[in-house]
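Each chain, written out:
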Amino acid sequence: MSATIDRYGDDAAMALALEEAKLAGAHGDVPVGCVLIAGDGTLLGRGHNRREADQDPTAHAELVALRAGAQARGRWYIDDVTAYVTLEPCVMCAGALVLARVKRVVFGCRDPKGGALVSAFTLGSSPLLNHQFVIEESLREGECREVLQSFFRDVRARRARERLSSK
């Protein structure tokens, strides 16, 4: 992962996260993507949801990307990194981002039921934890939301067809 993103900035980094999200949807996972960009602009890690593909409840996009980033760095803390995520991280992923000591998290759209940065919980900014990070939201929000909504529309339509064909 030697590509750099510094000349493109936040928008291009979120575009990479959206590409990852689409990969997840293509194999039947909820389309969430994450990329980690180091302070020098290096693409340090990337990931997309793989829960269905791997039959692993922890295979969320953020954890896949964090594992890749930690491996690339050769250490578990990656404190000069910005994580770009298409959907607001859940409690598990927000906790992992805190523990990895990322510098900043930028996400596309909120998750009103399970978002753990601003929606349902505020883990990334909690003074009760040993680390806080900068949180920015709504980058390419419409695109991030559309990828999710399209996936769930297709799932509902497929289930409806299956119900009809089984009668």
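Above this text sits the structure in question.
Now for a description of the structure that goes with this document.

Conventions and cut-offs
- Residues numbered from 1 in each chain as written.
- Predicted model: local features only at pLDDT ≥ 70, side-chain atom pairs only at ≥ 80, totals over all residues.
- Heavy atoms only, no water.
- Disulfide = S-S within 2.5 Å.
- Buried < 20%, exposed > 50% of the residue type's maximum accessible area, 1.4 Å probe, protein only.
- 1 Å grid on protein atoms, 1.4 Å probe; cavity = no way out; pocket = protein on both sides within 12 Å on 5 of 7 lines; lining within 4 Å.
- Points joined across faces, edges and corners; volume = space filled by probe spheres on them.
- Helix = DSSP H or I, 4+ residues; strand = E, 2+ residues; numbered from the N terminus.
- Nonpolar A, V, L, I, M, F, W, Y, C, P; charged D, E, K, R; others polar.
- Axes fitted to C-alpha atoms, helices over the stretch in contact; angles between N-to-C directions.
- Parallel < 35°, antiparallel > 145°, perpendicular 65-115°, else oblique.
- Left-handed = near helix turned anticlockwise from the far one by under 90°.
- Contact = heavy atoms within 4.5 Å.
- Pairing = 2+ DSSP bridges.
- Salt bridge = Lys/Arg side-chain N within 4 Å of Asp/Glu carboxyl O.

1. Side note on the state of the cysteines
All told, the structure shown has 0 disulfides when counted by the stated rule. Cys90 provides the cysteine sulfur closest to Cys93, a residue in no disulfide bond, and the two sulfurs are 3.7 Å apart. Looking at Cys93, the relative accessible area reads 0%, which means it is buried. The closest cysteine sulfur to the non-disulfide-bonded Cys144 is located on Cys109, 5.5 Å from its own sulfur.

2. With respect to the layout of surface pockets
By volume, the largest pocket amounts to about 220 Å³. For the largest pocket, the full set of lining residues is Val30, Leu87, Cys109, Arg110, Asp111, Pro112, Arg145, Leu148, Gln149 and Phe152. Here the lining of the largest pocket gets 4 residues from one element, more than from any other, and that element is helix H5 (residues 141-165). Partitioned by chemical class, the residues of the lining of the largest pocket number 6 nonpolar, 1 polar and 3 charged.

3. Regarding the packing of helix H3 (residues 61-73) against helix H4 (residues 91-100)
Direction vectors running N to C along H3 and H4 enclose 25°, while the axes themselves pass 9 Å from each other. Relative to H4, the element H3 is oriented roughly parallel. Of the two elements, H3 crosses H4, and the hand of that crossing is left-handed. Contacts between H3 and H4 involve Glu62, Leu63 and Leu66 from the first element and Met92, Cys93, Ala96, Leu97 and Ala100 from the second.

4. Considering the sheet that holds strand E1 (residues 33-38)
Within the open sheet, the 5 strands sit side by side as E2-E1-E3-E4-E5. Their pairing is mixed. Strands with a single pairing partner mark the edges of an open sheet, and in this sheet they are strand E2 (43-48) and strand E5 (134-137). Adjacent strand axes in the sheet meet at a mean angle of 15° when their direction is disregarded. Relative to strand E3 (residues 81-87), E1 runs antiparallel, the two sharing 5 bridges. Each residue of the ladder has a partner; that of Val35, found in E3, is Tyr84. Here helix H1 (residues 9-26) sits on the sheet and contacts E1, E2, E3, strand E4 (104-109) and E5; the angle it forms with E1, its principal contact strand, is near 145°.

5. Focus on the pattern of salt bridges
Throughout the structure, instances matching the rule amount to 12 salt bridges. Between Arg75 and Asp79 there is a salt bridge; the shortest N-O distance is 3.6 Å. For Arg75, a relative accessible area of 28% corresponds to the partly exposed category. The salt bridge partner of Arg153 is Glu146, with a shortest N-O separation of 2.7 Å. Residue classification places Arg153 among the partly exposed positions, given a relative accessible area of 40%. Shared partners join several salt bridges into a network, and the residues in it are Asp10, Arg104 and Glu136.

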